[in-house]
Amino acid sequence: MAELSYRYAVAEGLAREMRRDPAVVVLGEDVAAAGGVWKTTQGLLDEFGPERVWDTPISEQAIVGAAIGAAMTGLRPIAEIMYADFLGVCWDQIANQAAKLRYMTAGQLTVPLVIRTIHGGGVAKGAQHSQSPENWALAVPGLRVACPSTPADVVGLLAGAVRADDPVVVFEHKGLLGSKGEVPDDEHVLELGRAAVRRRGTDLTIVALSATVRLALEAAAELEGQDVSAEVIDLRTLVPLDAGCVLESFKRTSRLLIVEENPRQGGWGAQIAALVAEEAFWYLDAPITRVAGESVPLPAARGLENAVLPSADQVTETALKLART
Amino acid sequence: MTTAGAVAGDPRALLPPDAPVRLLDDEGGLHEADAFPLDLKDADLVALYRFMVLARRVDRQAINLQRQGQLGVYASLLGQEAAQVGPAYALGDPDWVFPSYREMGAALVRGIDPAAILHMFRGTWLAGHDPYDANFALLSIPIGTQALHAAGFAMAAKLDGAGLVAMSFFGDGATSEGDTHEALNFAAVFDAPCVFWVQNNQYAISVPLSLQTRAPTIAHKAVGYGMPGYRCDGNDVLATYAVARRAVDRARRGGGPSLVEAVTYRMEAHTTADDPSRYRTETELGEWRAKDPIARYETFLRREGLLDDALSEEVEQEARELVARVRGEIYDAPHGDPLELFEHVYVEPGPHYDEQRRQLRRELDGAGEA
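Residues numbered from 1 in each chain as written. Chains lettered and ligands numbered in written order. Predicted model: local features only at pLDDT ≥ 70, side-chain atom pairs only at ≥ 80, totals over all residues. Heavy atoms only, no water.

Topic: the overall build of chain A
So, step 1. In terms of helices and strands, chain A carries 12 helices and 14 strands.
So, step 2. In summary, chain A has a C-alpha radius of gyration of 19 Å against a globular reference of 20 Å for 325 residues, a match within 12%.
So, step 3. Taking the principal axes of the C-alpha coordinates as reference, chain A spans close to 60 × 40 × 40 Å.
So, step 4. Put simply, chain A has 325 residues, and 63% of those count as buried.
So, step 5. Relative to all contacts within chain A whose residues are 6 or more apart in sequence, the contacts with residues 24 or more apart total 82%.
So, step 6. Just so you have it, chain A exposes about 11,600 Å², and 51% of that area is on carbon and sulfur atoms. (Helix = DSSP H or I, 4+ residues; strand = E, 2+ residues; numbered from the N terminus. Rg over C-alpha atoms; globule rule 2.2 N^0.38 Å. Buried < 20%, exposed > 50% of the residue type's maximum accessible area, 1.4 Å probe, protein only. Contact = heavy atoms within 4.5 Å. Areas by Shrake-Rupley, 256 points an atom, 1.4 Å probe, with all protein chains shown as cover.)

Considering the nonpolar core
So, step 1. Core analysis: the largest hydrophobic core is formed by 130 residues, its most contacted members being L235 of chain A together with F196 of chain B.
So, step 2. Listed in part, the 77 residues of the second largest apolar core include L45, A62, A116 and L306 of chain B. (Core = buried A, V, L, I, M, F, W, Y, C linked by side-chain atoms within 4.5 Å.)

Things to note about the environment of C90 of chain A
So, step 1. Within the secondary structure, C90 of chain A sits in the loop between β4 (76-81) and α4 (91-98).
So, step 2. Separated by 30 residues in sequence, C90 of chain A and E60 of chain A have C-alpha atoms that sit 5.5 Å apart.

Section: the side chain of R102 of chain A
So, step 1. Within the element layout of this structure, R102 of chain A appears in helix α5 (residues 101-104).
So, step 2. It turns out R102 of chain A is buried and unbridged, and the closest side chain with the opposite charge, D166 of chain A, is 4.6 Å from it.
So, step 3. Not counting the four nearest positions on each side in its chain, R102 of chain A is found in contact with G107, L109, T110 and D166 of chain A together with H344, Y346 and V347 of chain B. (Lys, Arg positive; Asp, Glu negative; His and termini not counted. Salt bridge = Lys/Arg side-chain N within 4 Å of Asp/Glu carboxyl O.)

Some remarks on the sheet that holds β4 of chain A
Residue and element names in this part refer to chain A.
So, step 1. Pairing in this open sheet of 7 strands is mixed, and the strands run β3-β2-β4-β5-β7-β6-β12 from one edge to the other. With partners counted over all chains shown, the strands left at the sheet margins are β3 (53-55) and β12 (237-239), one partner each. Neighbour to neighbour, the strand axes of the sheet diverge by 20° on average, direction disregarded.
So, step 2. As paired elements, strand β5 (residues 114-119) and strand β7 (residues 168-173) share 6 bridges and run parallel to each other. When the bridges of β7 are listed, I115 appears paired with V169. (Pairing = 2+ DSSP bridges. Axes fitted to C-alpha atoms, helices over the stretch in contact; angles between N-to-C directions.)

Considering the interface of chain B and chain A
So, step 1. Across the contact, 35 residues belong to chain B and 40 residues belong to chain A.
So, step 2. Taken together, the two surfaces of chain B and chain A that pack against each other cover about 3,200 Å², and 66% of this comes from carbon and sulfur.
So, step 3. Inspection of the chain B/chain A interface yields 0 salt bridges.
So, step 4. Broken down by secondary-structure element, the contributors of at least two residues to the side of chain B that touches chain A are β1 (96-98), α5 (145-160) and α6 (178-189) of chain B. (Buried area = accessible area lost by both parts, 1.4 Å probe.)

Observations concerning the domain arrangement of chain A
Residue and element names in this part refer to chain A.
So, step 1. Splitting chain A by domain gives domain 1 (2-183) and domain 2 (196-323).
So, step 2. Computed over C-alpha atoms only, the centres of domain 1 and domain 2 are separated by 26 Å.
So, step 3. Of all residues in domain 1, A124, N135 and L138 bury the most surface against domain 2, accounting for 23% of the area lost on that side.
So, step 4. For the interface between domain 1 and domain 2, the tally reads 2 salt bridges.
So, step 5. D153 is paired through a salt bridge with R236; the nearest N and O atoms lie 2.9 Å apart.
So, step 6. Between the two partners, domain 1 and domain 2, sit 14 residue pairs in polar contact (both at pLDDT 80 or more).
So, step 7. Contributing elements (two or more residues each) for the side of domain 1 that touches domain 2: α6 (134-138), β6 (144-146) and α7 (151-163).
So, step 8. Looking at side-chain class alone, the side of domain 1 that touches domain 2 contains 11 nonpolar, 14 polar and 4 charged residues. (Domains from an automatic or database assignment. Polar contact = N/O pair within 3.5 Å; in protein donor to acceptor, adjacent residues only side chain to side chain. Nonpolar A, V, L, I, M, F, W, Y, C, P; charged D, E, K, R; others polar.)

Right, dumping it as structure tokens:
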């Protein structure tokens with residue numbers, strides 16, 4: 001086990017997959033010589049050379065579209081889109097091409113492609129560089145969606161994504177880049193669709209993802225002091241969704257709190273709420289509750305941005321109310 | 001570390017010729033051009049004719065099938081036979097084609113069963129052809145998206161050292177799409193072995209080329225990407241072949257991509273869902289009818305002694321048989337198993353899809369009992 005930053009874990013996870021499989025190539029803006037604007041591809045050019053680490057023009061459609069074409073040859077391209085907000089620029093290639101080519105050719109064509117991107121607010125980058133659009137990807141059958149919350153999960157989920165034969169969108173959270181954690185030295189592969197129970201508890205289930213896992217854990221620690229025992233689930237992937245893990249936990253606690261950074265309007269938490277309402281309605285002891293980003297563009301002003309994003313205090317307060325309902 | 005700054009060289013070398021490359025005149029007389037040599041044997045010359053005739057007959061059958069309600073929609077290639085058969089014939093078997101939806105002619109040359117293409121327009125479950133069978137990608141209905149796949153495919157092929165060339169077919173309208181721009185730029189920057197083959201058939205549905213671009217010609221756009229632009233008479237199959245051959249050879253030798261504009265005309269409606277009498281004149285149509293690619297080529301072949309009535313009838317007979325088989329296959333096409341609905345969304349769809357399939361099974365069984 002070595003302690004790595006989340007940022008370094010990305011580069012480490014990519015390098016491990018590139019060492020393992022010569023068909024893995026990385027492409028995107030500033031990923032080679034600069035090591036990525038987020039320094040998440042640092043060292044790849046030195047180790048693997050320009051044949052496998054491609055600095056591209058500023059062309060998001062082409063980054064994804066060319067990766068699709070390259071994937072048809074048997075390569076396993078990992079495309080970086082610098083900000084998740086820019087998924088909008090190449091959405092046609094993601095949602096109408098990558099996600100559908102396998103289906104439209106009756107499985108004759110597969111697109112083993114990973115699209116890595118940075119999402120998340122909290123660093124005052126404004127409305128067009130701070131979103132958490134994992135709910136966009138969630139809405140497209142054919143895509144898999146992974147959102148690692150720890151350095152170990154970054155390595156494990158990247159490995160799982162690269163080895164999956166379906167297109168996977170991996171969201172790395174910019175607020176977590178500096179966070180640190182233990183990463184196994186040996187091969188570490190997480191199968192997509194396996195949630196992690198980060199903390200055991202009996203009074204309520206908190207379902208979180210990516211950066212909101214930390215908020216949920218902070219809140220759970222605070223709640224413990226107030227005699228409320230919260231279970232914290234890190235979904236890790238939205239597609240496939242580990243419904244079994246959520247339902248098993250919820251059926252024990254009968255109270256559900258969902259903490260999501262994307263806007264409440266159409267956010268992934270609504271999907272979890274629907275799941276529990278459909279599958280475990282009679283276990284409910286209190287209304288399903290969501291703490292979500294406000295349904296507004298993210299302001300650049302820090303004070304305003306903080307008001308939009310979920311906070312640990314907000315999770316604690318909401319959980320207390322829920323536990324006492 | 002790559003060097004900063006654009007590639008040196010005289011940009012004028014990238015410019016298209018003043019007039020489209022044309023090897024056959026209106027009377028079918030051959031005027032060879034040194035820059036675009038023809039390396040075709042007699043059998044090849046006859047094969048080009050055969051493919052054009054078959055394409056036209058299958059195309060007519062497809063329109064009729066649509067009129068009979070057998071196909072949802074169909075996009076005709078009438079008038080563009082030479083603009084498709086020539087470039088497809090210039091490719092080698094290992095090369096790849098990334099077509100748009102109007103590429104029946106190119107598909108025939110690649111050895112795709114035309115019935116497979118029509119299954120797609122019919123919506124026979126599932127997709128018509130396997131892209132890996134003849135290295136012919138899925139027909140792209142969205143405009144210009146396939147240009148990017150060709151660029152990426154070519155980039156990967158270059159890495160592979162396989163000597164493959166990817167050829168992307170698209171129309172004049174697609175040159176206004178961002179995808180096409182990014183594909184041309186990407187392919188040029190990465191020296192990808194790619195040929196961008198534009199069939200300028202003058203209209204994007206109803207919008208004429210003059211409303212699509214202010215560039216002197218589509219081929220001129222190549223200069224902006226740092227690749228050669230070629231322009232040829234798209235109704236002259238020898239010109240389309242020779243120009244494509246040059247672009248393909250250049251790509252295969254490591255010279256990078258090219259943009260080729262084949263100037264042609266869409267004699268039919270955009271698709272069977274379109275009425276072109278609303279936006280173009282009978283006079284214009286008549287002018288292009290006189291430039292028919294098959295008639296002109298037939299005159300050439302007869303003059304060369306390569307085509308006589310017997311051979312012509314032989315090709316017509318082959319076309320009749322092919323068309324009859326295709327028609328029969330479409331009439332008899334299965335409706336498919338609804339339970340296959342949930343296959344192929346993912347490689348491993350998982351329990352969520354298993355449950356949906358079970359539910360549909362129950363509903364179908366219930367409907368059967370009612």
